[in-house]
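The chain contents come next:
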Amino acid sequence: MRRGRPGAPPRGTAERTLTSVGPGPAAGRPEDEDPGERSGTAHLTTESDREEASRLWHITLSVSGAEAPLREVRRALEQLAHDHPFLLTSRYANDHAEIRYWEEARDLHDAAAVALRLWGEHRSTAKLPPWEIVGLEVIDRETYHQRIAEGYGPPPAAPVGVHPY
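Every value quoted in this text rests on a predicted model; they were computed, and no experiment measured them.

**Some remarks on the packing of aromatic side chains**
So, step 1. Taken as a whole and judged by the stated rule, the model has two aromatic pairs.
So, step 2. A ring pair is formed by tryptophan 119 and tryptophan 131, whose centres lie 6.3 Å apart and whose planes are at 5°; its orientation type is stacked. One end of the pair, tryptophan 119, is in helix H4 (residues 108–122); the other, tryptophan 131, is in the loop between H4 and strand S6 (132–140), and twelve residues separate them in sequence.
So, step 3. For tryptophan 119, a relative accessible area of 1% corresponds to the buried category.

**Some thoughts on the packing of helix H3 (residues 70–83) against H4**
So, step 1. Remark: H3 packs on H4, axes separated minimally by 11 Å, with the N-to-C direction vectors making an angle of 115°. Once H3 is placed against H4, the crossing between them reads as right-handed. Listed contacts from H4 to Leu77, Leu80 and Asp83 of H3 are Leu118, Trp119 and His122.

**Description of the sheet that holds strand S7 (residues 161–164)**
So, step 1. The strand order across the open sheet formed by five strands is S6-S3-S5-S4-S7, and the pairing between neighbours is mixed. Edge positions in the sheet fall to S6 and S7, since each of these pairs with one other strand and no more. Shown here is a sheet whose adjacent strand axes are inclined to one another by a mean of 15°, direction ignored.
So, step 2. Pairing of strand S4 (residues 87–92) with strand S5 (residues 96–105), which is carried by five bridges, proceeds in the antiparallel orientation. If you follow threonine 89 over to S5, its bridge partner there is arginine 100.
So, step 3. Against the sheet, H3 contacts S4, S5 and S7, and its axis sits at roughly 170° relative to S4.
So, step 4. Seen against the sheet, helix H5 (residues 141–150) touches strand S3 (55–64), S5 and S6 and runs at an angle of roughly 90° to S6.

**Notes on the nonpolar core**
So, step 1. In this structure, Leu77, Leu80, Ile99 and Trp119 are the most contacted members of the largest nonpolar core, which totals 25 residues.
So, step 2. Taken together, the elements giving at least two residues each to this core come down to S3, H3, S4, S5 and H4.
So, step 3. Sort the elements by how many residues they give to this core and H4 lands first, with five residues.
So, step 4. Apart from the residues within four sequence positions on either side, leucine 80 is in contact with Leu87, Ile99, Leu118, Trp119, His122, Ala126 and Leu128.

**Notes on the confidence of the model for the protein**
So, step 1. Mean pLDDT over the protein stands at 76; residues scoring 70 or higher make up 65%.
So, step 2. In this model residues 1–43 is a low-confidence stretch, pLDDT under 50, and it forms 57 contacts with partners more than four residues away in sequence or in other chains.

**Structural notes on the pattern of salt bridges**
So, step 1. Going through the model one piece at a time under the given rule, you end up with seven salt bridges.
So, step 2. Glutamate 98 serves as the salt-bridge partner of arginine 91, at 3.0 Å between the closest nitrogen and oxygen.
So, step 3. Residue classification places arginine 91 among the partly exposed residues on the basis of a relative accessible area of 35%.
So, step 4. Between aspartate 110 and arginine 106 there is a salt bridge, and its shortest N-O distance comes to 3.3 Å.
So, step 5. Look at the salt bridges and you will find they share partners, linking Arg106, Asp107 and Asp110 into a network.

**Regarding the side chain of serine 90**
So, step 1. You can see serine 90 is positioned in strand S4.
So, step 2. Beyond its immediate sequence surroundings of up to four residues, serine 90 is in contact with Leu77, Glu98, Ile99, Gly161, Val162 and His163.

**Some points on the environment of serine 124**
So, step 1. Among the structural elements, serine 124 can be located in the loop between H4 and S6.
So, step 2. Overall, serine 124 belongs to the exposed group, its relative accessible area being 59%.
So, step 3. Along the chain, serine 124 and alanine 76 lie 48 residues apart, while their C-alpha atoms are 9.8 Å from each other.

What counts, and at which threshold
Residues numbered from 1 in each chain as written. Predicted model: local features only at pLDDT ≥ 70, side-chain atom pairs only at ≥ 80, totals over all residues. Heavy atoms only, no water. Phe/Tyr/Trp six-rings, centres within 6.5 Å; stacked < 30°, edge-to-face > 60°. Helix = DSSP H or I, 4+ residues; strand = E, 2+ residues; numbered from the N terminus. Buried < 20%, exposed > 50% of the residue type's maximum accessible area, 1.4 Å probe, protein only. Axes fitted to C-alpha atoms, helices over the stretch in contact; angles between N-to-C directions. Left-handed = near helix turned anticlockwise from the far one by under 90°. Contact = heavy atoms within 4.5 Å. Pairing = 2+ DSSP bridges. Core = buried A, V, L, I, M, F, W, Y, C linked by side-chain atoms within 4.5 Å. pLDDT = per-residue confidence, 0-100. Salt bridge = Lys/Arg side-chain N within 4 Å of Asp/Glu carboxyl O.

Here's what the structure looks like:
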């Protein structure tokens, strides 16, 4: 699968596109409106409606499992970063890794669902170790920046790239 973002699709992906969608034609409408309008025939969700509903979420995905050669782990994470160009940084050891990136989604549930599929969907194409997801943090952009400003949480992801712990 590839995400609904501009640019060339990542290598090794299928034709389906994941995108966040707007709340639908009847969401948030007063009950005294014309029932014909609530049927969905009078309102079409446009690309700009979807963009307005989308937000940025900071994702931290932690995975771990049986030991693997560091060289192979690094190569796999570099391939994942190539396949998924929105990755900010990855840290790794021979038995665990942490991946941090920004995801655009309508809400936390959508962002978490996409994040939970990331490792499994890229496991074969990037030749990732057969590790399991052991942690997931999804926070909105405002919370991320508030934590940084207050001195809590991880420092901003710099330098970008794949690095050992």
